[in-house]
Amino acid sequence: MKALGLLLIAALGLNGSLGVDRNNFKTCDQSGFCKRLRGLKPEKSQYALNVDSVFVHGNVLSAEVVTVDYEGETKNVLWRYALRLSALADSSFRVEMDEADPLYPRYRTQIALEGEPKADGIKLVSNENGKLTLANNQGHRVVITTEPLKIEFVDHSGEVSVVLNENSQLLVEPLRARRERRDDDDEQGNAVEVEEEGTWGENFKGHHDSKPRGNEAVSLDVSFPGANHVYGIPEHTDNFFLKTTTSSEPYRLYNLDVFEYELDSPMAIYGAVPVLYSHSAKRSAGVFWHNSAETWVDIVNYSEGNVVSSLVNFVTGGQKQRVDARFMSESGIVDIFVLMGDRPADVFRQYTALTGVAPIPPKFSLAYHQSRWNYNDENDLRSVDEGFDEHDIPADTLWLDIEYTDKKKYFTWDVEKFRHPAEMVANLTAKGRKLVVIIDPHIKREAGYFVHEDCTERGYYVKNKDGNDYEGWCWPGSSSYPDFFNPEVTKYYVERYKFENFPGTSKDVHIWNDMNEPSVFNGPEITMPKDCRHWKPPQDGQDGLAAYWEHRHVHNEYGQWYIQATHQGMLARTDGKYRPFILTRSTFAGTQRYAAVWTGDNAAEWGFLQASVPMCISLAAAGISFCGSDVGGFFKYPEAELMTRWYQAGAYQAFFRAHSHIETKRREPWLYDATTTSRIRDAVRRRYALLDFWYTLFYEHMVDGLPVTRPLFQEFPKEEATFTIDNQYLLGDKLLIRPVLEQGVSSVKVYLPGKEASTLWYDVDSYQAVAANGWMNLDVTITKIPVYQRGGTIVPRKERIRRASSLMANDPYTLVVALDSNNTAHGTIYIDDGETFDYRTNKYIYASFHYEPAGMTYKFKNVDANYPTRSWVERIVIAGIKNAPKAARLVQGGKTTPLQMTLHRGNDVLVIRKPGASMAKPWEIQFTY
């Protein structure tokens, strides 16, 4: 069956070694609605608000919007729409527009939001001269021009920060019945349907989309006055800052399985998160386009200096600093959230307030993962496990790809190669390690396979356009796909994860959900046909087209329904006691609530290493901080330098996994020469030293919604040079990472931000301080990448590296104190059991460190902390000290202990040796001079 899968890939032109075949995927001109809408550029919007219909109550303005046409002085109303503007907590607004009386219900995205958004109040301030002015409780105003319709959002300073329909590109194509006419009767006298080109069907590469509802696209333009750049709308392979698309393809959001995807491209790949942020030194703002259908986004940055912006500036008589965007979706309603900022951290938080945060992951998942398609059998897995111990390289998790199953049937094991799965898992967990196994959404259509039999008998599969079970091709060959929109299907799927239903698994076996775009090898664009049918809650009087949703409506959220079901199953198998770890390839708004993400089928090339950095920065800004790339590249074989640099980069990305294709040469770290193995070992050990720092960052993300991985401008929003830097980033507000992403270099350019604030940056190896002064050339060797700790911060480390993170739980801490120009520093730490939900009942410690010349304190931020950690402090490193104290003493639990100190004048470092302070109780260190 493995051979069948590989032959199938080759037959479909999907062989990764040849790179992506663009012909398999649509351009805008080949996507009917994109071509139609992109070409529609009216001088004046046809939409107008009916002032007499305006009603304001609570946090909502509702009104009728009409499209109008004029015959001389006569005004004709063509279509009627319902407009709803809501004021939300946390400086956000929501604008919805649907047909007032649609022929069929239009789809509203279901799974992106984490519950109903919290409401704010709104009041009508004025209604005069064709403009409505409203104000929320937080000091923002909304100005609605009634004809043509335009909505402006005004910030606290009185300046417009976001405008909807400034460029008259609002469009909601009304649903229409298919027309017939008698003058083209066939020979039997039957009426022949009139098919307007593209309205009731489209073709692409031999695939026909029947489009039974006809055209139903929606469009809206968004302007960001004063913005320098816009960011977001992952997942793409180009820069974090988005480029003008006027003379190229728009950015596409349509979850697709793209083998060895193209770099520096707006093409769609695995993820689609339709959130867009603007930024300038003056303010930040954002919008979230709440739509799960295929979407294209055009960008025009008027300050870029391109031909189009230059023409506009010439016509308007000056340089225009503004960015315009246009969202075009195949179906759904207009549903957009406006995020008013003011700063980058505000808009990032406002977005996660809507779509949720990542719950704190199990601690092991932040450590190192080793994977391959595929480890051949139990003996092979055991030898890899032992290889890490023999070569003194820590690893927390080994992974099994699809070959562990019984002929690609999920929730089974290959009875020859994996005869003793429970014993195999127990051998790993006895050493503190975990196992991750893959489970994909396609179900093998084979008689006797219990999942297929159950889904067929109970009607659980997605249906084709004729109402029969949809059949496509994936790794098992002929496959069908569970319809997770049906709660009965989700309930059934959840039960598959029970230990008795998946023998050999335990709480230490976690799940990888791949191919969930969904990938269909013989489908249009390697995915499911858009006219497939999904379950919809039955309603009286609704039949025919109103009785189901089409795949076109839900495509980008299908994978999220799938990982939500997996998440529920993982929770249910332990009665909600243990935190699950799930990895997903398909992403949508809100994915962070369920799973980590990796950047898919990359290749062992320097360009893919480079692309991984802005890809993960972009996903983190869109709520998905738990991101990484396949270390070494999935396809091809990385030579020693590239592998070394990738491990060094991966050690500072949230998800840290090495993975490779079935046809590549084996590349476990010890299979390289001894020198390269040593360098890989060092990179992995650096990750383990910082695991508690990573863990604290993810806890703080869960609390405040801010990204773990941050663009420089998040912390330095007025520093314009940072606006286009995406080859370096921050971890929290404490560490600056600049991976070496170029081949054969002996120096790299590094930007150290914060000059105006006199920020200091400390090399994490030498503790040498460098004053922020913008760009600098930094010498690098093959053993080093630039990593700096920000002055004024305290970072916890653990220097006793063991084979797995669970064995380090009670090991002592080293606290690295990097002083700012005022000789102060602050930090935090989070400690719990690393695997259960007991933290929800206050069984954790979240504490702060504070350093000033008089001393250092460790205090609990959760005053009722109840976690009996046995960890302690074995060393405190104070970097940047100019006036060293003569003596120090520890005060904890009523006991005072003198401490030993060593001063290193070469780099102004004071080391307090073995203070022995317990992390289970607050403490204080007092200095005397």
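The model shown is predicted, which means the values in this text are computed figures rather than measured ones.

What counts and what doesn't
Residues numbered from 1 in each chain as written. Predicted model: local features only at pLDDT ≥ 70, side-chain atom pairs only at ≥ 80, totals over all residues. Heavy atoms only, no water. Helix = DSSP H or I, 4+ residues; strand = E, 2+ residues; numbered from the N terminus. Rg over C-alpha atoms; globule rule 2.2 N^0.38 Å. Buried < 20%, exposed > 50% of the residue type's maximum accessible area, 1.4 Å probe, protein only. Contact = heavy atoms within 4.5 Å. Areas by Shrake-Rupley, 256 points an atom, 1.4 Å probe, with all protein chains shown as cover. Lys, Arg positive; Asp, Glu negative; His and termini not counted. Charge placed at Lys NZ, Arg CZ, Asp CG, Glu CD. pLDDT = per-residue confidence, 0-100. Disulfide = S-S within 2.5 Å. Pairing = 2+ DSSP bridges. Salt bridge = Lys/Arg side-chain N within 4 Å of Asp/Glu carboxyl O. Axes fitted to C-alpha atoms, helices over the stretch in contact; angles between N-to-C directions.

Student: Pulling in residues and values, what's your account of the overall build of the chain?
Tutor: Broken down by element type, the chain carries 14 helices and 57 strands. A compact globule built from 929 residues would reach a C-alpha radius of gyration of about 30 Å, and the chain, at 29 Å, matches this within 12%. Expressed as lengths along the three principal axes of its C-alpha atoms, the size of the chain is roughly 100 × 70 × 50 Å. Considering the chain as a whole, with its 929 residues, one finds that 63% of them fall into the buried category. Once local pairs closer than 6 in sequence are excluded, the contacts in the chain between residues at least 24 apart make up 71%. Counting only carbon and sulfur atoms, one obtains 48% of the accessible surface of the chain, whose full area is about 33500 Å². In the chain, which carries 103 positive and 123 negative side-chain charges, the distance between the mean positions of the two groups comes to 7 Å.

Student: How would you summarise the confidence of the model for the chain if you had to cite specific residues and measurements?
Tutor: Per-residue pLDDT for the chain has a mean of 94; in total, 95% of the residues score no lower than 70. Long-range and interchain partners of residues 1-17, a stretch whose pLDDT sits below 50, account for 32 contacts in this model, where long-range means more than four residues apart.

Student: Can you break down the state of the cysteines residue by residue, with the values?
Tutor: Per the stated rule, a full pass over the model turns up two disulfides. Paired by a disulfide, Cys616 and Cys627 hold their sulfur atoms 2.1 Å apart. Residues Cys616 and Cys627 are joined by a disulfide whose S-S torsion is about -70 degrees; by sign, that bridge is left-handed. Note that Cys616 is positioned in helix α10 (residues 606-621) and Cys627 in strand β36 (residues 627-628), a separation of eleven residues in sequence. Take Cys627: its relative accessible area is 2%, and that puts it in the buried class.

Student: Quick rundown of the sheet that holds strand β27 (residues 443-444)? Include the residues and the values.
Tutor: Taken in spatial order, the three strands of this open sheet run β27-β29-β28, and their pairing is antiparallel. A strand with exactly one partner marks an edge of an open sheet, and here the two such strands are β27 and β28 (472-474).

Student: If you had to explain unusual backbone geometry to someone new, which residues and values would you point to?
Tutor: That bond from Gly341 to Asp342 is cis: its omega, 25 degrees, falls within 30 degrees of zero. Structurally, Asp342 is set in the loop between β23 (334-339) and α4 (344-355). Residue Glu517 is joined to Pro518 through a cis peptide bond whose omega torsion reads 5 degrees. With respect to the helices and strands, Pro518 occurs in the loop between β30 (509-513) and β31 (533-534). Positive phi, close to 55 degrees, is recorded for Asp392, a residue that is not glycine. Within the secondary structure, Asp392 sits in the loop between α5 (378-390) and β25 (397-400). For Asp392, a relative accessible area of 48% gives the class partly exposed.

Student: Run through the pattern of salt bridges, naming residues and quoting values.
Tutor: For the coordinates displayed, the defined rule picks out 70 salt bridges. Among the ionic pairs, Glu260 bridges to Lys636, the shortest N-O distance being 3.6 Å. On the criterion of sequence distance, the pair formed by Glu260 in the loop between β17 (251-253) and β18 (271-272) and Lys636 in the loop between β37 (630-631) and α11 (640-650) is long-range, its members being 376 residues apart. Since its relative accessible area comes to 6%, Glu260 is described here as buried. Between Asp601 and Arg585 there is a salt bridge; the shortest N-O distance is 3.4 Å. Of the two residues, Asp601 is situated in the loop between β35 (596-598) and α10 and Arg585 in the loop between β33 (582-584) and β34 (587-588); the sequence distance between them amounts to 16 residues. According to the relative accessible area criterion, Arg585 is buried, its value standing at 1%. Bridged by salt links that share partners, the residues Asp209, Arg213, Arg252, Glu294, Glu330, Glu525, Lys530, Glu550 and Arg552 form one connected network.

Student: Go over the sheet that holds strand β3 (residues 74-88), please, and point to the residues and values.
Tutor: Whenever strands of a sheet pair, they do so through backbone hydrogen bonds, lying parallel or antiparallel. An order of β1-β2-β3-β4-β23-β20-β19-β16 is seen for the eight strands of this open sheet, with the pairing classed as antiparallel. What marks the edges here is a single partner per strand, and that holds for β1 (47-57) and β16 (229-232). The mean inter-strand angle of the sheet, taken between neighbouring strand axes irrespective of direction, is 20 degrees. Relative to strand β4 (residues 92-99), β3 runs antiparallel, the two sharing eight bridges. Paired with Arg84 across the strands is Glu96, a residue of β4. Set on the sheet, α4 makes contact with β3, β4, β19 (275-279), β20 (284-289) and β23; between it and β20 the angle comes to about 25 degrees.

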